[in-house]
Amino acid sequence: MAKRVFFSFHYQDVIDFRANVVRNHKTTKHEGAGYFDASIWEDAKKESDLALKRLINSELKNTSVTAVLIGSETYSRRWVRYEIMKSLEKGNLLLGIHINSIAGKDQKTKKLGPNPFDYLAIEFSNDGQKLNLLEYKNGKWVKYTDLDGWRISGIQCKCQCQNVFFLESQNVQLLEFNVQKI
């Protein structure tokens, strides 16, 4: 059965046409591929942060995979970070795809952008009952403020990638979390 995929990306990569290459590929060009119309995004952006969160949350519904299209500045974009964290909360599988090796509208490629997963973290609370969300900003780890952490109802190690995985440069740790919103 086909998976419904939500695509997360920095809008500059749409302007440069790199995200469009993935967007217009035959495997993603169908209803429910997870893209928003740019005009809808712009309208929500003009309203409020809450309107943007509602738009993202509604687009994540009924998806099981989040594909993060990684360009030069994707790692630092607030709403990409929100989409990743909401995807974790929802239990979506996460997939990072570097797109800078795709020629842009100028027919040039760029060096790979930083991995956005390296700039987000989850830590256990001191009592071990909650997962706190963190982001790397201005050279230090700080509390991620667009979402609260999650209460832990159970942790189960898996041998195969199931729901949530943390990517580190040298190591991949596979964990499945059953979380409840606070």
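Residues numbered from 1 in each chain as written. Predicted model: local features only at pLDDT ≥ 70, side-chain atom pairs only at ≥ 80, totals over all residues. Heavy atoms only, no water.

S.K.: An account of the packing of helix H4 (residues 49–60) against helix H5 (residues 78–90) is requested, with residue identities and associated values reported.
M.R.: Contact pair H4 / H5: the axes reach a minimum separation of 11 Å and the direction vectors enclose 45 degrees. Overall, the two elements H4 and H5 adopt an arrangement that is oblique. Helix-helix and strand crossings are classified by hand; for H4 and H5 the assignment is right-handed. Packed against H4, whose contacting residues are Asp49, Leu52, Lys53, Ile56, Asn57 and Leu60, the element H5 presents Arg78, Trp79, Tyr82, Glu83, Lys86, Ser87 and Lys90 at the interface. Broken down by class, the residue content of the contact of H4 with H5 amounts to five nonpolar, two polar and six charged. (Axes fitted to C-alpha atoms, helices over the stretch in contact; angles between N-to-C directions. Helix = DSSP H or I, 4+ residues; strand = E, 2+ residues; numbered from the N terminus. Parallel < 35°, antiparallel > 145°, perpendicular 65-115°, else oblique. Left-handed = near helix turned anticlockwise from the far one by under 90°. Contact = heavy atoms within 4.5 Å. Nonpolar A, V, L, I, M, F, W, Y, C, P; charged D, E, K, R; others polar.)

S.K.: An account of the nonpolar core is requested, with residue identities and associated values reported.
M.R.: Residues Ile84 and Met85 are the most contacted members of the largest nonpolar core, which totals 21 residues. Broken down by secondary-structure element, the contributors of at least two residues to this core are H4, strand E2 (65–70), H5, strand E5 (130–137) and strand E7 (150–157). Counting residues per element, this core draws most heavily on H5, which supplies six residues. Not counting residues within four places of it along the chain, the set of residues in contact with methionine 85 comprises Leu120, Ala121, Leu133, Leu134, Tyr144, Leu147 and Trp150. The next biggest cluster of nonpolar side chains, apart from the first, holds 10 residues, and it includes Phe7, Val22, Val65 and Ile99. (Core = buried A, V, L, I, M, F, W, Y, C linked by side-chain atoms within 4.5 Å. Buried < 20%, exposed > 50% of the residue type's maximum accessible area, 1.4 Å probe, protein only.)

S.K.: Give me the environment of lysine 90: which residues, what numbers.
M.R.: Structurally, lysine 90 is set in helix H5. For lysine 90 and lysine 61, which are 29 residues apart along the polypeptide, the C-alpha to C-alpha distance reads 8.7 Å. Aside from chain neighbours lying at most four places away, what touches lysine 90 is Leu60, Lys61, Asn62 and Thr63. In terms of polar contacts, lysine 90 uses its side chain to reach the backbone carbonyl oxygen of threonine 63, at 2.4 Å. (Polar contact = N/O pair within 3.5 Å; in protein donor to acceptor, adjacent residues only side chain to side chain.)

Fair warning: the whole summary comes from geometry, so function is off the table for now.
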